[in-house]
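What follows is the residue order along each chain.
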Amino acid sequence: MSALTTWKLADGHPRVLVRPNDLSVLRRRAQPTHTREMSDLLDLAEAVRKELPEPATSIGATFRLAFLYLLSGDRAHAALAARSLEQTLKLDVSGDYGVGSARLKAVACAYDWLHAALPEDLRVRAGRRALEQSQALYNSEEIEPESFLAGHGINQIPYTLMAGLAVGDEFGGECLACPRPLPLGREPHHPKDYINDVLYRMERMFACYRHFMEGASFSQSYAYSLAYLGEIPYLFQLAETGLGLPYFQEHAWFANAAPWYTYALRSDESFIRYGDYFCSNSIFKGGYMYRAMAAVASRYHDGVARWWTKRFQVSGGEPDVFIFDSREGEEAKLETLPRTRHFGPMGIAIARGDFADGTLAAFKCSPQYLHNHCHRDQNSLTVFHKGDLALDAGAYDGYESPHWKNYYVRTIAHNTLVDAQPTFDQRTGEAVVSF
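Residues numbered from 1 in each chain as written. Predicted model: local features only at pLDDT ≥ 70, side-chain atom pairs only at ≥ 80, totals over all residues. Heavy atoms only, no water.

This part covers the overall build of the protein chain. What the protein chain contains, in helices and strands, is 16 helices and seven strands. Taken over C-alpha atoms, the radius of gyration comes to 23 Å for the protein chain, in line with the 22 Å a tight globule of 435 residues would show. Counting all 435 residues of the protein chain, 55% fall into the buried class. Sequence separation of at least 24 residues holds for 67% of the intrachain contacts in the protein chain that already meet a minimum separation of 6. Accessible area for the protein chain stands at about 18,800 Å²; split by element, carbon and sulfur atoms hold 51% of it. Distance from the positive charge centre (44 side chains) to the negative charge centre (52 side chains) of the protein chain: 3 Å. (Helix = DSSP H or I, 4+ residues; strand = E, 2+ residues; numbered from the N terminus. Rg over C-alpha atoms; globule rule 2.2 N^0.38 Å. Buried < 20%, exposed > 50% of the residue type's maximum accessible area, 1.4 Å probe, protein only. Contact = heavy atoms within 4.5 Å. Areas by Shrake-Rupley, 256 points an atom, 1.4 Å probe, with all protein chains shown as cover. Lys, Arg positive; Asp, Glu negative; His and termini not counted. Charge placed at Lys NZ, Arg CZ, Asp CG, Glu CD.)

Our next topic: the environment of H301. Here H301 shows up in the loop between helix 13 (287-299) and helix 14 (303-309). Judged by its relative accessible area of 70%, H301 is exposed. For the pair H301 and D96, spaced 205 residues apart in sequence, the C-alpha to C-alpha distance is 37 Å.

The next subject is the packing of helix 2 (residues 35-50) against helix 3 (residues 58-72). Remark: helix 2 packs on helix 3, axes separated minimally by 10 Å, with the N-to-C direction vectors making an angle of 115°. Once helix 2 is placed against helix 3, the crossing between them reads as left-handed. Contacts between helix 2 and helix 3 involve M38, D40, L41, L42, L44, A45 and V48 on the former and, on the latter, A61, R64, L65, F67, L68 and L71. Across the contact of helix 2 with helix 3, the residue classes tally to 11 nonpolar, no polar and two charged. (Axes fitted to C-alpha atoms, helices over the stretch in contact; angles between N-to-C directions. Left-handed = near helix turned anticlockwise from the far one by under 90°. Nonpolar A, V, L, I, M, F, W, Y, C, P; charged D, E, K, R; others polar.)

Let us look at the pairing of strand 1 (residues 340-343). As judged from the four bridges shared by strand 1 and strand 2 (residues 348-352), these two strands associate in the antiparallel manner. What sits directly across from R341, in strand 2, is I350. Counting the residues between successive antiparallel strands, the hairpin from strand 1 to strand 2 contains four residues, one of them, G347, with a positive phi of roughly 60°. (Pairing = 2+ DSSP bridges.)

We now examine the nonpolar core. In this structure, F67, F206, Y261, F271, W308 and I350 are the most contacted members of the largest nonpolar core, which totals 133 residues. A total of 11 residues in this core trace back to one element, the largest contributor, which is helix 8 (residues 191-213). Leave out the neighbours within four places in its chain, and W308 touches A258, Y261, T262, L265, F271, I283, F284, M289 and M293. (Core = buried A, V, L, I, M, F, W, Y, C linked by side-chain atoms within 4.5 Å.)

In this section: helix 13. In an α-helix, one turn spans 3.6 residues; hence positions three or four apart end up facing the same way. The terminal C-alpha atoms of helix 13, which comprises 13 residues, lie 18 Å apart, in line with the 18 Å expected from a rise of 1.5 Å per residue. When we look at burial in helix 13, the residues that qualify are M289, Y290, R291, A292, M293, A294, A295, V296, A297 and S298. (Expected span 1.5 Å × (residues − 1).)

This part covers empty space enclosed by the protein. On inspection of all chains with the given rule, the structure shows four cavities of 30 Å³ or more. The computed volume of the largest cavity comes to approximately 90 Å³. Forming the walls of the largest cavity are 15 residues, and the residues nearest its centre are R273, Y274, K364, S380 and T382. Of all the elements in the fold, those that place two or more residues in the lining of the largest cavity are strand 3 (360-364) and strand 4 (380-384). Its residues placed into classes, the lining of the largest cavity shows seven nonpolar, four polar and four charged. (1 Å grid on protein atoms, 1.4 Å probe; cavity = no way out; pocket = protein on both sides within 12 Å on 5 of 7 lines; lining within 4 Å. Points joined across faces, edges and corners; volume = space filled by probe spheres on them.)

Before going further, it helps to examine the packing of aromatic side chains. Considering all chains together, one arrives at 38 aromatic pairs under this definition. With a centroid separation of 4.3 Å and an interplanar angle of 20°, the aromatic rings of Y222 and W260 are classed as stacked. A residue pair is termed long-range when its members are at least 10 positions apart, and Y222 in helix 9 (residues 222-229) and W260 in helix 12 (residues 257-262) qualify at 38 residues. Assessed through its relative accessible area of 0%, Y222 is described here as buried. Judged by relative accessible area, W260 falls into the buried class, the value being 0%. (Phe/Tyr/Trp six-rings, centres within 6.5 Å; stacked < 30°, edge-to-face > 60°.)

Over its 14 residues, helix 4 (residues 75-88) runs 20 Å from end to end, which matches the ideal 20 Å to within 8%, given 1.5 Å per residue. By the burial criterion, the buried members of helix 4 are H77, A78, L80, A81, A82, S84, L85, Q87 and T88. Those residues of helix 4 that are buried are in contact with helix 2, helix 3, helix 5 (99-113) and helix 6 (120-139). You can read the cap of helix 4 off the contacts: a side-chain oxygen lies 2.8 Å from the backbone nitrogen of A76, and it is on D74. (Polar contact = N/O pair within 3.5 Å; in protein donor to acceptor, adjacent residues only side chain to side chain.)

Mapped onto the fold, Y228 is located in helix 9. Y228 sits 60 residues away from Y288 along the chain, and the two C-alpha atoms are 8.7 Å apart. Excluding residues that lie within four positions of it along the chain, Y228 makes contacts with L149, A150, G151, I154, Y209, F218 and Q220.

With that settled, consider the pairing of strand 4. Here strand 4 lies mainly inside the structure; four of its five residues are buried. Pairing of strand 3 with strand 4 involves five bridges; the strand directions are antiparallel. Across the sheet, residue F363 finds its bridge partner in strand 4, namely L381. Direction of pairing for strand 4 relative to strand 5 (residues 388-390): antiparallel, over a ladder of two bridges. The residue bridging F384 from the neighbouring strand is D388, located in strand 5. Here strand 4 hands over to strand 5 after three residues, with K386 in that stretch at a positive phi of 60°.

Here we come to the sheet that holds strand 3. The strand order across the open sheet built from five strands is 1-2-3-4-5, with neighbouring strands paired in antiparallel fashion. Strands with a single pairing partner mark the edges of an open sheet, and in this sheet they are strand 1 and strand 5. If you compare each strand with its neighbour and ignore which way they point, the axes differ by 20° on average.

Attention now goes to the pattern of salt bridges. In this structure the tally under the stated criterion is 25 salt bridges. A salt bridge links D197 to R201; its shortest N-O distance comes to 2.8 Å. A residue pair is termed a helical-turn pair when its members lie 3 or 4 positions apart in one helix, as D197 and R201 do in helix 8 at four residues. Of the charged contacts in the structure, one is a salt bridge between R210 and E214, with a shortest N-O distance of 3.3 Å. On the basis of relative accessibility, which here comes to 30%, the residue R210 falls in the partly exposed class. A single salt-bridge network, built from bridges that share partners, covers R36, E37, D40, R306, D325 and R327. (Salt bridge = Lys/Arg side-chain N within 4 Å of Asp/Glu carboxyl O.)

Structure, rendered in structure tokens:
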């Protein structure tokens with residue numbers, strides 16, 4: 001049965017990523033396994049006590065301090081979070097990619113996590129701002145009206161869902177039961193309309209993602225799959241804590257993120273190249289990747305994902321560490337894995353000398369061409385051993401740049417050949433070669 005007809009908003013607060021009965025577990029983690037993260041949160045509280053952050057730098061502090069209050073129950077921490085929230089509310093509503101969602105995340109979580117500790121006026125302003133910010137992301141069409149396989153929407157909807165769950169029925173009039181996709185407009189919709197719209201999108205997105213991930217693949221390049229898969233733990237967790245929907249259990253295909261990334265990892269801590277690639281620095285410093293692997297390790301008791309989580313260097317992401325990473329279970333020994341693997345839905349075959357410094361060769365022959373951030377690289381080969389030996393050439397200098405259009409995505413930049421199939425101009429009879 002569709003989640004759109006079965007969900008029920010959880011009573012009381014918190015219900016965004018965390019429920020009241022989760023707090024005892026999270027608080028126990030603050031001592032034996034997450035002491036460094038707890039210390040970092042307390043250091044942040046002391047720094048904000050001495051000097052209030054400027055609005056532009058208050059977003060992370062608001063999110064982290066609100067979570068510290070959940071852990072400590074200390075009203076002094078709630079007061080510091082409220083002061084930081086006031087700074088965040090000085091920022092304008094934005095529909096810009098990455099900007100609007102970051103502001104929304106801080107405000108929506110603060111509304112929920114600080115709910116009983118906030119003065120009523122501040123709580124109402126925060127709730128209204130969360131709804132206004134949600135609507136701005138729809139109005140800018142960063143949440144695309146009808147895009148479920150690829151697009152920026154996946155990076156926005158976890159945060160509009162946070163807003164809908166946080167505010168719930170507490171103000172906003174009647175639920176309009178808006179048609180989906182959610183119509184644009186200057187005034188924000190009822191919080192339940194945002195919940196329904198996100199659930200509508202999730203059903204369609206996950207049907208697409210399942211097709212690829214059941215075969216341990218994803219429809220984007222390795223870099224871009226980080227930007228998609230990193231949001232899924234938030235969506236699953238929100239569905240569980242806010243709506244009682246067991247999404248981690250129902251979508252266990254998500255655990256296949258572990259082999260998808262593991263076989264493609266190079267010894268320079270980046271991934272094999274195919275498609276648009278934007279993260280050539282160490283992958284172990286990225287929050288998106290950490291959140292995905294920590295969730296797979298903890299929810300599915302996956303030893304390969306546990307190997308990953310023990311190597312990340314994530315700072316400032318304490319709420320994610322507490323919520324998604326139990327730090328329990330043994331890590332797998334990667335050297336015991338088979339040296340070769342075929343990722344069928346994307347037609348990628350990978351052979352490894354070992355899982356440390358050995359040669360890594362990958363052959364790509366995808367069963368479909370998906371455009372977007374994918375390239376015209378059928379039957380291409382890449383080889384890496386202490387550097388690129390057979391390479392995917394060019395650099396990702398920007399989507400649809402002249403370099404992107406004229407070289408980077410074209411077959412000439414890859415280790416493969418164009419099979420030129422001539423057609424004939426019906427007027428002249430001359431051969432016309434298409435590439």
